[in-house]
Amino acid sequence: MSDVQRGRVHRKDYAPPTRLIDAVELRFQLDPRETIVTAKMRIVPNPRVQAPLGPLFLHGDELELRSVRVDGQPLADSELEADASGLRIPQAPDELELETEVVVRPADNTKLMGLYTSNDAFCTQCEAEGFRRITYFLDRPDVMARYSTRIEADKSQYPVLLSNGNRIGSGELPNGRHWVQWEDPFRKPSYLFALVAGDLVCHRGSFQTASGREVALEIWVEPENADKCAHALTSLQAAMKWDEETYGLEYDLDVYMVVAVNDFNMGAMENKGLNIFNSKYVLAKPVTATDDDYEGIESVVAHEYFHNWTGNRVTCRDWFQLTLKEGLTVFRDQEFSADMISPAVQRIKDVTRLRTAQFAEDAGPLAHPIRPESYIEMNNFYTATVYEKGAEVVRLYQTLFGKEGFRKGLRHYLQTHDGAAVTCDDFRAAMADANDADLTQLERWYSQPGTPVVRASGLWDEANGTYALTLEQSLREVPDHPPPRALPIPVRVGLLDASGEELPGSERTLLLTEARQTFTFDGIESRPVASIGRGFSAPVRFEVERSQEELAFLLANDTDPFNRWEAGQELSKQVILGLVADVRADRPLEVDAKLVDAFRKVLLDPGLDGSMKSLTLALPSEELLSQELTSVDPEAVHGARQRVVRELASALRPEWERAYRANAKGTDAIDKAEINRRRIKNRALRYLVSLEEPDTISLAAEQFRSATGMTDYEAAFAVLVDLVSKETEEAIAAFYARWRGEPLVLDKWFRMQAMSRAPNAFDRVVALAEHPDFTLTNPNRARSLLYAFAAGNPTGFHRADGAAYRFVADRVLELDGINPQVASRLVSTFNQWKRYEPSRSGKMRVELERIASHSGISKDVGEIVERALEG
């Protein structure tokens, strides 16, 4: 099928709109079955376009057109053309007032794009192209208009009516209805429009800005969730304070609203002044949310708030520039979380997420630059590459210029482009101007796909007292992209002596700009051990030939906390991958004692807090281990990793038991000390239960029964569901009986069973798909079972008979008719099919071809499947 037939959009074809919408007045007559939307728009010529303006075209999707007026006069059917893509007026004047009336059906909108209902409330999702499902419009981010919104609804059912901006009026209507008028003083693109209507309660707070203004903070939730908003509010206040202190950025409206909804495709949406959140990232109290949930809420609340400047005040010219707002804002929320939690712990979490999702994406058939060159369905490019790698590219500026140089560049960018829709090149130019630097070569990070490899080798010259470090970079060629060119790659390096002390003055940031460069350190009188890529200074794969003895030395002594963790990961990886061939050949599995000794030193190190210990003592995941193999046998990877887990559990059993007992008692408080205590305790529990002995299983069962906070409750449940035991069945039944009325907690029940490493996990997933509390219409619930299984259970999803592939493919087809966005995320779990051993890869291909041949497949799923098969 050709690009024209499939509707492929190319970045090179961007052209500014011939007309702009100066202002729009919206009127919503809300009804779940049939909502009438009236839009009155002032449309003007774009002063930047000199060509003849021609016909007027407005985007539209699944709208029922009632009427069209131009300058107050109704248009006959012969004077307009309306089809599935939009509304065309061939003889439109250059400047006009256009009024349209359409009907939408929110209760039937299972795509959850545009206006839809969730738990008897109305809400909207307009990014990327959802506003066209509300009314006809120039639905593109470079059209920024002023919005006035009137909402009318039944007062008893929908007492709260919210939209962007400031509330300027309200009143009563006949038949028990009422109205509220909102006005947004700032121009915005249509993707930032928001509306919420429902029976909600407000958790209120306030924030005083640096200039002394009082900002009202409002978190709107369903009445039964009123006691779960405190953490979201304090997170918002912390983010507002941090942004003022770090970048001098102050909030610009008098009210900031957050609404939590249960049915939402994304994590949250930064609509100007009215953020709409997946309830997962708002609702929390210790009995229902884990420590990770609390940190996730803090991060996402901050992310959406930070968008007020990096995304709203300055937005994207077109969707190819998505990383301009998302990569930049992810970087900002990572920096915020590092300051709130721990720089080392946050960096490790960020890099683990990058390597797990984005490195795999870069190595697969859907590899794309952080600024893509083309797309069929824009929703498919809300990816780890655009977000996570995009954040790492933004971090390069800070690595090159320092925190103060980055701050200067960011402020220059925002001041120069405030109120405009711009490009990634505009951001790079602002950084260059503010720091008087040439960043021409850095543009390649935006245009080249793939993960660079940096190989490092060192040579100590005893006679001259020098150490020469040679760095070489390479990048694989990706089909349909030009051959890659050398990137600017900052590599932070330190040198340690034989006693583990850092050599004075040896830490420096080297800038690799060519294919191969050598850097010399002077005054090195003894053979050093190089610590390379400290803090993960660039989003690359570092390849350094190291013995297990050298890795153990770095794990024990490196002064950079990230690289200390990295050494442990690399040592574990070498040991586990060395056992994979033995598993395949059914040979005895022997675990090197150096790994056991290294882990013992970490576990007993009094200088490490519980969170850092827990991360360092975690083995690389099966997903990360599989990335190192050219032909993946999931059962062999699982067997090798489990052998190492059990050896570490057995050899260090006294130490694990002491760590568990020493940290067993505490409170459910959400503070650093208690979080650190819980993390090392639950790491010890996981290792102990892996022994599958009656006393260790009883330890988990007792923790499950007695836990008063969700962190310990979930940790105990997670290790029990990995087993086949009576305690497992008892825990599954008890969890459901206790939490069946709490949707977010019940999601955990589905998810942990889906990710179980027990041999009966697939059978359980098939049964859970028929459970009365499972539904495909709620994205959280669908993801908690299906995506968690396909993406997070390698041995279950990749079972040798292919039954799980068929099961997931069937669910993809079923979901595609309900919510194509959720279906496309699920089908992406097949993307790495070529990397598996022939029997499995063949079965995966069969399912991809079956999906591709299905009639009526959506653009969302079709694009993913087509590229997976071609790649």
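Residues numbered from 1 in each chain as written. Predicted model: local features only at pLDDT ≥ 70, side-chain atom pairs only at ≥ 80, totals over all residues. Heavy atoms only, no water.

Looking only at helices and strands, one finds 27 helices and 31 strands in the chain. By the compact-globule yardstick of 29 Å for 871 residues, the chain fits well, its C-alpha radius of gyration being 28 Å. The contacts in the chain between residues at least 6 apart in sequence include a share of 70% that link residues at least 24 apart. Surface exposure of the chain reaches about 33,300 Å², of which carbon and sulfur atoms provide 49%. Here the chain contributes 103 positively and 134 negatively charged side chains, and the mean placements of these two sets differ by 1 Å. (Helix = DSSP H or I, 4+ residues; strand = E, 2+ residues; numbered from the N terminus. Rg over C-alpha atoms; globule rule 2.2 N^0.38 Å. Contact = heavy atoms within 4.5 Å. Areas by Shrake-Rupley, 256 points an atom, 1.4 Å probe, with all protein chains shown as cover. Lys, Arg positive; Asp, Glu negative; His and termini not counted. Charge placed at Lys NZ, Arg CZ, Asp CG, Glu CD.)

So, on to the environment of Asp184. For Asp184, the location among the structural elements is in strand S15 (residues 177-189). Since its relative accessible area comes to 2%, Asp184 is described here as buried. Distance from Asp184 to Asp252, taken between C-alpha atoms, is 11 Å for residues 68 residues apart in sequence. Each residue touching Asp184, except ones within four places of it in the same chain, is listed here: Tyr147, Asn164, Gly165 and Lys272. A polar contact is formed between the side chain of Asp184 and the backbone nitrogen of Phe186, at a distance of 3.0 Å. (Buried < 20%, exposed > 50% of the residue type's maximum accessible area, 1.4 Å probe, protein only. Polar contact = N/O pair within 3.5 Å; in protein donor to acceptor, adjacent residues only side chain to side chain.)

A separate point is the side chain of His59. Here His59 shows up in strand S4 (residues 56-59). Polar contacts involving the side chain of His59 include one to the main-chain amide nitrogen of Asp139, which spans 3.1 Å. Each residue touching His59, except ones within four places of it in the same chain, is listed here: Ser85, Gly86, Arg132, Thr135, Tyr136, Phe137, Leu138 and Asp139.

This part takes up the confidence of the model for the chain. Predicted confidence across the chain gives a mean pLDDT of 97, with 99% of residues reaching 70 or more. Taken as a whole, residues 1-5 scores under 50 in pLDDT and shows 3 contacts with residues more than four places along the chain or in a different chain. (pLDDT = per-residue confidence, 0-100.)

A cis amide bond links Glu127 with the next residue in sequence, Ala128, at an omega value of 5°. Note that Ala128 resides in the loop between strand S11 (121-125) and strand S12 (144-154). We note that Asp71 has phi near 50°; this positive angle belongs to a residue other than glycine. For Asp71, the location among the structural elements is in the loop between strand S5 (64-70) and strand S6 (73-74). Assessed through its relative accessible area of 45%, Asp71 is described here as partly exposed. Of note in the backbone geometry, Leu112 takes a positive phi value of approximately 60° without being a glycine. On the secondary structure map, Leu112 appears in the loop between strand S9 (96-104) and strand S10 (114-118). Using a relative accessible area of 4% as the deciding quantity, one classes Leu112 as buried.

For the pair helix H5 (residues 343-363) and helix H6 (residues 384-417), the least separation of the axes is 9 Å and the interaxial angle reads 125°. By the angle between their axes, H5 is oblique relative to H6. The way H5 lies across H6 gives a crossing that is left-handed. Facing H5, whose interface residues are Arg347, Arg353, Leu354, Ala357, Gln358, Glu361 and Asp362, H6 presents Ala384, Thr385, Glu388, Lys389, Glu392 and Arg395. A class-by-class count of the residues in the contact of H5 with H6 yields 3 nonpolar, 2 polar and 8 charged. (Axes fitted to C-alpha atoms, helices over the stretch in contact; angles between N-to-C directions. Parallel < 35°, antiparallel > 145°, perpendicular 65-115°, else oblique. Left-handed = near helix turned anticlockwise from the far one by under 90°. Nonpolar A, V, L, I, M, F, W, Y, C, P; charged D, E, K, R; others polar.)

Here the focus is the pattern of salt bridges. Counted under the stated rule, the structure contains 93 salt bridges. The residue Glu295 makes a salt bridge to Lys349 at a minimum N-O spacing of 2.7 Å. In this pair, Glu295 is assigned in helix H3 (residues 291-306) and Lys349 in helix H5, connecting sequence segments 54 residues apart. Taking the shortest distance from any N to any O, the salt bridge between Arg653 and Glu693 comes out at 2.5 Å. Of the two residues, Arg653 is situated in helix H15 (residues 653-662) and Glu693 in the loop between helix H16 (672-689) and helix H17 (694-706); the sequence distance between them amounts to 40 residues. (Salt bridge = Lys/Arg side-chain N within 4 Å of Asp/Glu carboxyl O.)

Ranked by size, the top nonpolar core spans 154 residues in total, and within it Leu98, Phe406, Tyr413 and Phe427 carry the most contacts. The element best represented in this core is H6, accounting for 11 residues. Each residue touching Leu98, except ones within four places of it in the same chain, is listed here: Ala39, Lys40, Met41, Ile43, Leu56, Leu58, Val68, Arg69, Val70 and Ile89. Counting 118 residues, the second largest nonpolar core, distinct from the first, contains Leu625, Ala769, Leu785 and Tyr836. (Core = buried A, V, L, I, M, F, W, Y, C linked by side-chain atoms within 4.5 Å.)

Turning our eyes to something else, we now look at the environment of Phe186. Locating Phe186 in the fold gives a position in strand S15. Distance from Phe186 to Leu115, taken between C-alpha atoms, is 22 Å for residues 71 residues apart in sequence.

Bringing the packing of aromatic side chains into the picture now. Tallied over the entire structure, the rule returns 40 aromatic pairs. Summarising the aromatic geometry, the rings of Phe536 and Phe562 are spaced 6.0 Å apart at their centres and angled 50° between planes, so their arrangement reads as tilted. Here Phe562 lies in helix H10 (residues 561-584) and Phe536 lies in the loop between strand S30 (529-532) and strand S31 (541-544), a separation of 26 residues in the sequence. Connected via pairs of aromatic rings, a cluster forms that spans Trp242, Tyr247, Tyr251, Tyr256, Tyr305, Phe306, Phe331, Phe336 and Phe406. A cation over a ring is seen here: Lys280 above Tyr281, with NZ or CZ 5.7 Å from the ring centre. (Phe/Tyr/Trp six-rings, centres within 6.5 Å; stacked < 30°, edge-to-face > 60°. Lys NZ or Arg CZ within 6 Å of the ring centre and 35° of its normal.)

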